[in-house]
Amino acid sequence: MPAARDPRPLTGEPLALDLLNTRWMSEGALQDLLADVEGLAVWLDSAGLGGDHTPDDRMLRHVRQARKALRTAVDGSLEEGAPLVDAVLEHGRVRVALTPQGPVEHPELTDPAWAPAWLAARDYLKLLSTAPDRIRSCAHESCVLHFFDTSRNGTRRWCSMAVCGNRAKASRHYARTKDV
């Protein structure tokens, strides 16, 4: 049976940031897709991990732990977040191999229930080694979403120009015109 539709306003970000985006604001209230195993199934399906992993309570705890670790590293500091991310990463390792198609990496995990959490933490390391300055939080004061800035000049500020960017523009316009 397929998972329910993903209700989040921002999807399709790299796996680590997509995991962070399982919490979002809606009408002033914080929403959490990972409130239960059914929400975990929705996230796994949306992230392209649905067919590989069967969600259960243990996996949900591990994914929440990874989300907390990533949030600390991204929104706090690497000094605070590194030990938390490392605690997730210690449940697996990468085995490299050479195949006729070229080099490949295979994760080896201590427990399959750690797979989505470990993959998200590993993805964060890749983002840090690629372009750490492109990992961003939305600039809107009431938004908690994150994105990887793929704009040409690296100046993206909003999770979505249509939502948060438009709110900011409308707010600035209102402030300018109310005094006139």
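Residues numbered from 1 in each chain as written. Predicted model: local features only at pLDDT ≥ 70, side-chain atom pairs only at ≥ 80, totals over all residues. Heavy atoms only, no water.

K.L.:
How should the pattern of salt bridges be read in this particular structure?
P.N.:
A side chain with one charge may pair with a side chain of the opposite charge, provided their charged atoms come close. Inspection of the entire model under this criterion finds 10 salt bridges. Among the ionic pairs, Arg-8 bridges to Asp-6, the shortest N-O distance being 2.8 Å. In this pair, the class of Arg-8 matches that of Asp-6, namely buried. In this structure, the salt-bridge partner of Asp-75 is Arg-71, at a minimum N-O distance of 3.8 Å. Of this pair, Asp-75 and Arg-71 both sit in helix α3 (residues 57–76), separated by four residues, roughly a single helical turn. When its relative accessible area of 41% is taken as the criterion, Asp-75 is described as partly exposed. According to the relative accessible area criterion, Arg-71 is buried, its value standing at 17%. One network of salt bridges, in which partners are shared, links Asp-6, Arg-8 and Asp-18. (Salt bridge = Lys/Arg side-chain N within 4 Å of Asp/Glu carboxyl O. Buried < 20%, exposed > 50% of the residue type's maximum accessible area, 1.4 Å probe, protein only. Helix = DSSP H or I, 4+ residues; strand = E, 2+ residues; numbered from the N terminus.)

K.L.:
Quick question: what am I supposed to make of the pairing of strand β1 (residues 23–26) here?
P.N.:
Across a regular strand the side chains alternate sides, sitting on one face of the sheet and then on the other. Where β1 meets strand β2 (residues 29–32), four bridges bridge the pair, whose relative direction is antiparallel. If you follow Trp-24 over to β2, its bridge partner there is Gln-31. (Pairing = 2+ DSSP bridges.)

K.L.:
Whenever I open this one, the nonpolar core confuses me. Can you help?
P.N.:
One finds Leu-19, Leu-40, Trp-43, Val-63, Leu-70 and Cys-159 to be the most contacted residues of the largest nonpolar core, which totals 43 residues. The set of elements that each furnish at least two residues to this core consists of α1 (15–20), α2 (37–46), α3, α4 (78–89), α5 (115–130) and β6 (146–148). Per-element tally for this core: the top contributor is α3, with eight residues. Residues contacting Trp-43, with those up to four places away along its chain left out, are Arg-8, Leu-15, Asp-18, Leu-19, Thr-22, Leu-33, Leu-34, Leu-49, Val-63 and Pro-116. (Core = buried A, V, L, I, M, F, W, Y, C linked by side-chain atoms within 4.5 Å. Contact = heavy atoms within 4.5 Å.)

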